[in-house]
Amino acid sequence: MNAQAVNRIFVPGDMLAVALGADELVAALTVEAKKRNISIEIIRNGSRGICWAETLLEVQTDAGRVAYGNVTAADVTSLFDANFLSGGDHEKTLGLTQEIPWLAKQERVIFNRCGIIDPLSLNEFIETGGFAGLGKALQMSGSQIVEQILQSGLRGRGGAGFPTGIKWQTVLDTAGAIKHIVCNADEGDSGTFSDRLIMEGDPFRLIEGMVIAGIATGAEHGVIYLRSEYLFAVKMMKEAINIALAGNWVGANIQGSGKTFDLRVFVGAGSYVCGEETALLESLEGKPGIVRSKPPLPAIEGLFGQPTVINNVITLCAVPDILAKGGDWHASLGIGRSTGTLPFQLAGNVAKGGLVELPFGSSLQKLLHDFTEGTKDGSNIRAVQVGGPLGAYLPPELFDTLTGYEEFTAIGAGIGHGGIVIYGQSTNMREQAKYAFEFCAEESCGKCTPCRIGSIRGYELLATEQIDKSLIDDLCEVMIAGSACAMGAMTPIPVQSLMRYWPEDFEDKS
Amino acid sequence: MHNWNDEHALQIIEDCANAGHVLTTALRQLVDCFGFVDDAAIAPLATHFLRSKAEVYGSIQYYSDFRDQKPGQHVLRICQAESCQAVGSKKITKFVTAKTGISLGDTSDDNRLTVEPVYCLGLCANGPAAELDGQPLAELDEAKINKILSGISS
């Protein structure tokens, strides 16, 4: 080992890696390198999304980056002994990172540089294609940009799947001295973490997407509504915005174009319903996150009554590549009206969980088979819940469903934000149904009765020994028809799917 | 975390109002500074943000981050959402409440520890997850949580 050469080591600084001891690992690496008089540089990259192998340590070798999985501070001495800085063999080696099957089987577009670059290096971002889309957008008119988004078929990745281009068109066409781009980073669905990973691992991508949205619609003010639970993402986005400001990629007269876009982070305060776009607007205005009635649409009267684009993090992160490669390119990926890629998140009782980005159209079965290697506890998968707390629970018989908006609607489910929570055989489905109501009661904003009271009554109905299924169905119907927003109207989806597919768990206990 | 101080709190409120921030930004800063929002702040908040006292109170009650009681020296937040449930978060929660004698949402008598529920930290592929004083925790089991709890009580 040449003591003079700088050896580059990558240890993710993301929230999960830190939860699993990445900071202690970095400290141990530093101490050991000093003891051995070896010069090292440790880069705190974002996560590769291979959550089952975190903390995933990588070293730069001539052949490419070599990965070691599930590394802790206790492994440091043996790693040095195994000459890991040159990619030496060790019980925790995973080989060349790009050849890890779990990663190689994916088609990464939005997450193409997440986990690879230093998240706060503007140079590395630009070297890997960053700002190519914005560069093009700066040469285009607003309607030309919107045209590309319309052509791309991009739909909202937050869950509703509304065509992004139509939202942008509406804001572009609405007169207003002040317009806003609001990024919904209130990723509250359990089983989802793609927003967190991209904000921690590639924050400039989100900034680029938001600036493009601003230029397209004539909005000069951007705000990222970021949930407070994502401590690291808050810090990362704030730092990235400052760096982008210094580099003149946000702020006044961006790259000499005459375009202006200011951007800030607003931290949420622990409320699931604030992920609903009108509740989010209320929250941004400093009020409790109580949903508004629509119309007026936020695109016409949004934040402070002004025209507002509200898009999810991943939606905005899909935008730069659409501008760089063209709307047609994006439309060629996926199936039917589900175009582009979706970062799926495999979570819950899963042997190999993490982030898997693929074009729409592969089956649930393929995702589960090719990536998860089953449950963590080794039992067969009893159910998966797709699309967060308001998504349906699906039994193995439905795993041949293709991943697409329409395909999921057809089976009474939703693909939501791409979160897939896996449950093993020991799961009691009645408890899950009870929890669906409990969560709704906890998070209901209280504005409408079906949600506020219905959720509590539902919980009570399921907590009694002899349950009255028809009464629960009645209650669900009222909630679906009468709730002001998705919180109350969609809570019946998990409940009814559980009762439909696992009736045996709802038989009388006596 | 600082002890509640009316003057200091008033300064935060005035600074936020003068900077053109919204009410909840002031609440956030009060919680970051003192750990909670004392009832004494409601009247000045109402005055400076042109809201009724009821509206201010409503905002504090609405958001789970805005506590109205002083928390313990340490705050442990355990995820209660589905992904963590699927890998035994309820068992971990029961273990913690039994071991400490504190139920979810409460603070120990010696003011050392508050245990709160949290709904998703985004560590869903590696549950059960929790957070202790801003430090994320994942893949929790009884041994791990035991070590953490003894670190707090010593």
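A quick note: this is a predicted structure, and the numbers were derived from the prediction, not measured. (Residues numbered from 1 in each chain as written. Chains lettered and ligands numbered in written order. Predicted model: local features only at pLDDT ≥ 70, side-chain atom pairs only at ≥ 80, totals over all residues. Heavy atoms only, no water.)

1. Observations regarding the overall build of chain A
A tally of regular secondary structure across chain A gives 21 helices and 16 strands. Rg of the C-alpha trace for chain A: 24 Å, near the compact-globule value of 24 Å for 510 residues, within the 12% margin. The principal-axis extent of the C-alpha atoms belonging to chain A is close to 75 × 60 × 40 Å. Expressed as a percentage of the 510 residues in chain A, the buried residues total 61%. Surface accessibility of chain A: about 18,000 Å² in total, with carbon and sulfur atoms responsible for 52%. If the 40 positive side-chain charges of chain A are averaged to one point and the 59 negative ones to another, these points end up 3 Å apart. (Helix = DSSP H or I, 4+ residues; strand = E, 2+ residues; numbered from the N terminus. Rg over C-alpha atoms; globule rule 2.2 N^0.38 Å. Buried < 20%, exposed > 50% of the residue type's maximum accessible area, 1.4 Å probe, protein only. Areas by Shrake-Rupley, 256 points an atom, 1.4 Å probe, with all protein chains shown as cover. Lys, Arg positive; Asp, Glu negative; His and termini not counted. Charge placed at Lys NZ, Arg CZ, Asp CG, Glu CD.)

2. Concerning the interface of chain A and chain B
With 56 residues of chain A at the interface, the matching set in chain B holds 40 residues. Summing the contributions of chain A and of chain B, the shared interface buries around 3,400 Å²; its carbon and sulfur component is 54%. Area buried by chain A at its contact with chain B is led by A:Ser190, A:Ala269 and A:Tyr435, which between them contribute 16% of it. For the interface between chain A and chain B, the tally reads 0 salt bridges. At the junction of chain A and chain B, the tally comes to 20 residue pairs in polar contact (both at pLDDT 80 or more). Elements that contribute at least two residues to the side of chain A that touches chain B include exactly helix 1 (15-19), helix 11 (231-246), strand 8 (262-267), helix 12 (277-284), strand 12 (341-348), strand 16 (419-423) and helix 17 (429-443) of chain A. (Contact = heavy atoms within 4.5 Å. Buried area = accessible area lost by both parts, 1.4 Å probe. Salt bridge = Lys/Arg side-chain N within 4 Å of Asp/Glu carboxyl O. Polar contact = N/O pair within 3.5 Å; in protein donor to acceptor, adjacent residues only side chain to side chain.)

3. Overview of the domain arrangement of chain B
When the parts of a complex come together, some accessible area is lost, and that lost area is often used as the size of the interface. By the assigned domains, chain B splits into domain 1 (6-62) and domain 2 (74-153). The straight-line distance from the C-alpha centre of domain 1 of chain B to that of domain 2 of chain B is 29 Å. (Domains from an automatic or database assignment.)

4. Brief notes about the layout of surface pockets
Of the volumes computed, that of the second largest pocket is approximately 1,000 Å³. Taken together, 39 residues make up the lining of the second largest pocket; nearest its centre are A:Ser228, A:Leu231, A:Val267, B:Arg28 and B:Asp32. Listing elements by their share of the lining of the second largest pocket, those giving two or more residues are helix 11, strand 8 and helix 12 of chain A together with helix 2 (23-34) and strand 1 (74-79) of chain B. Tallied by class, the residues present in the lining of the second largest pocket amount to 16 nonpolar, 13 polar and 10 charged. (1 Å grid on protein atoms, 1.4 Å probe; cavity = no way out; pocket = protein on both sides within 12 Å on 5 of 7 lines; lining within 4 Å. Points joined across faces, edges and corners; volume = space filled by probe spheres on them. Nonpolar A, V, L, I, M, F, W, Y, C, P; charged D, E, K, R; others polar.)

5. A short note on the nonpolar core
If you look at the biggest cluster of nonpolar residues, it comprises 147 residues, and the most contacted ones within it are A:Trp168, A:Ile224 and B:Leu45. Of all the elements, helix 10 (residues 203-217) of chain A adds the most residues to this core, at 9 residues. Core analysis: the next-biggest nonpolar cluster, separate from the first, contains 32 residues, A:Leu358, A:Phe360, A:Ile381 and A:Ile415 among them. (Core = buried A, V, L, I, M, F, W, Y, C linked by side-chain atoms within 4.5 Å.)

6. Concerning the side chain of A:Ser228
Within the element layout of this structure, A:Ser228 appears in the loop between strand 7 (221-226) and helix 11. Among the residues examined, A:Ser228 registers a relative accessible area of 9% and is labelled buried. At 2.5 Å, the side chain of A:Ser228 and the side chain of B:Asp65 are in polar contact. When neighbours within four sequence positions are excluded, A:Ser228 is seen to be in contact with A:Val267, A:Gly268, A:Ala269, A:Gly270, B:Arg28 and B:Asp65.

7. Looking at the domain arrangement of chain A
Residues and elements named next belong to chain A. Considered domain by domain, chain A is made up of domain 1 (7-100), domain 2 (122-331), domain 3 (334-423) and domain 4 (429-506). Put simply, the middle of domain 2 and the middle of domain 4, counted by C-alpha atoms, are 33 Å apart. Of the residues lining the interface, 8 residues belong to domain 2; the matching set on domain 4 comes to 7 residues. Summing both sides of the interface, domain 2 and domain 4 together bury roughly 680 Å²; the carbon and sulfur share of this comes to 76%. Considering only the side of domain 2, the residues that lose the most area to domain 4 are Tyr272, Val273 and Val291, jointly responsible for 67% of the buried surface there. Between the two partners, domain 2 and domain 4, sit 0 salt bridges. By residue class, the composition of the side of domain 2 that touches domain 4 is 4 nonpolar, 2 polar and 2 charged.

8. Overview of the packing of aromatic side chains
Any aromatic ring pair is given by two values, namely how distant the centres are and how the planes are angled relative to each other. All names here are of chain A. The tally for this structure, following the rule as stated, stands at 18 aromatic pairs over all chains. The interplanar angle of 90° and the centroid separation of 5.7 Å between the aromatic rings of Trp102 and Phe371 together place this pair among those described as edge-to-face. Of this pair, Trp102 sits in helix 4 (residues 101-104) while Phe371 sits in helix 15 (residues 364-372); the two residues are 269 residues apart in sequence, bridging distant segments of the chain. Both residues of the pair, Trp102 and Phe371, count as buried. Relative to Trp249, the ring of Phe131 lies with its centre 3.9 Å away and its plane at 5°, an arrangement referred to as stacked. Separated by 118 residues along the polypeptide, Phe131 in the loop between helix 5 (122-127) and helix 6 (132-137) and Trp249 in the loop between helix 11 and strand 8 bring together distant segments of the chain. (Phe/Tyr/Trp six-rings, centres within 6.5 Å; stacked < 30°, edge-to-face > 60°.)

9. So, the pairing of strand 16 of chain A
Residue and element names in this part refer to chain A. Buried residues dominate strand 16, accounting for 5 of its 5 residues. Relative to strand 16, strand 12 runs parallel, the two being bridged by 4 bridges. Looking at strand 16, one finds that Ala347 is bridged to Val421. Alignment of strand 14 (residues 383-386) against strand 16, held across 4 bridges, turns out to be antiparallel. Bridge assignment links Val384 to a residue of strand 16, and that residue is Ile422. (Pairing = 2+ DSSP bridges.)

10. What about the sheet that holds strand 4 (residues 135-137) of chain B?
Residue and element names in this part refer to chain B. Strand order in the open sheet formed by 4 strands is 2-1-3-4, and the pairing between neighbours is mixed. Both edges of this open sheet fall to strand 2 (113-118) and strand 4, since each of them pairs with a single strand only. Within the sheet, the average angular offset between the axes of one strand and its neighbour, ignoring direction, is 20°. When strand 1 meets strand 3 (residues 130-132), the two strands line up antiparallel, connected through 3 bridges. Note that in strand 3 the partner of Ile78 across the bridge is Ala130. (Axes fitted to C-alpha atoms, helices over the stretch in contact; angles between N-to-C directions.)

11. Some thoughts on the packing of helix 3 (residues 42-49) of chain B against helix 4 (residues 53-62) of chain B
When two helices pack together, you describe them by how their axes are tilted relative to each other and by the distance separating the axes. All names here are of chain B. Two elements in contact, helix 3 and helix 4, have axes whose closest approach is 8 Å; the angle formed by their N-to-C orientations is 110°. The angle between helix 3 and helix 4 places the two elements in the roughly perpendicular class. Here helix 3 runs over helix 4; the crossing is right-handed. Touching Ile42, Ala43, Leu45 and Ala46 of helix 3 are Lys53, Val56, Tyr57 and Ile60, all from helix 4. Split into classes, the residues belonging to the contact of helix 3 with helix 4 amount to 7 nonpolar, no polar and 1 charged. (Parallel < 35°, antiparallel > 145°, perpendicular 65-115°, else oblique. Left-handed = near helix turned anticlockwise from the far one by under 90°.)

12. Some details on the environment of A:Arg113
Residues and elements named next belong to chain A. Relative to the assigned elements, Arg113 resides in the loop between helix 4 and helix 5. Distance in space between the C-alpha atoms of Arg113 and Phe437 is 39 Å, their sequence separation being 324 residues. Leaving out residues up to four positions away in the same chain, Arg113 has contacts with Phe125, Thr128, Gly129, Gly130, Asp202 and Arg205. One polar contact links Arg113 to Asp202, side chain to side chain, over a distance of 2.9 Å.

13. Focus: unusual backbone geometry
Residues and elements named next belong to chain A. Here the amide bond leading from Glu54 into Thr55 is cis, since omega sits at 0°, within 30 degrees of zero. Tracing the chain through its elements places Thr55 in the loop between strand 2 (40-43) and strand 3 (57-61). Backbone torsion omega between Lys294 and Pro295 reads -5°, so that peptide bond is classified as cis. The residue Pro295 is located in the loop between helix 12 and strand 9 (308-312) in this model. Its identity is not glycine, yet Phe131 carries a phi of approximately 70°, on the positive side. Positive phi is not limited to glycine here, since Asn248 has a value of about 65°. Note that Asn248 resides in the loop between helix 11 and strand 8.

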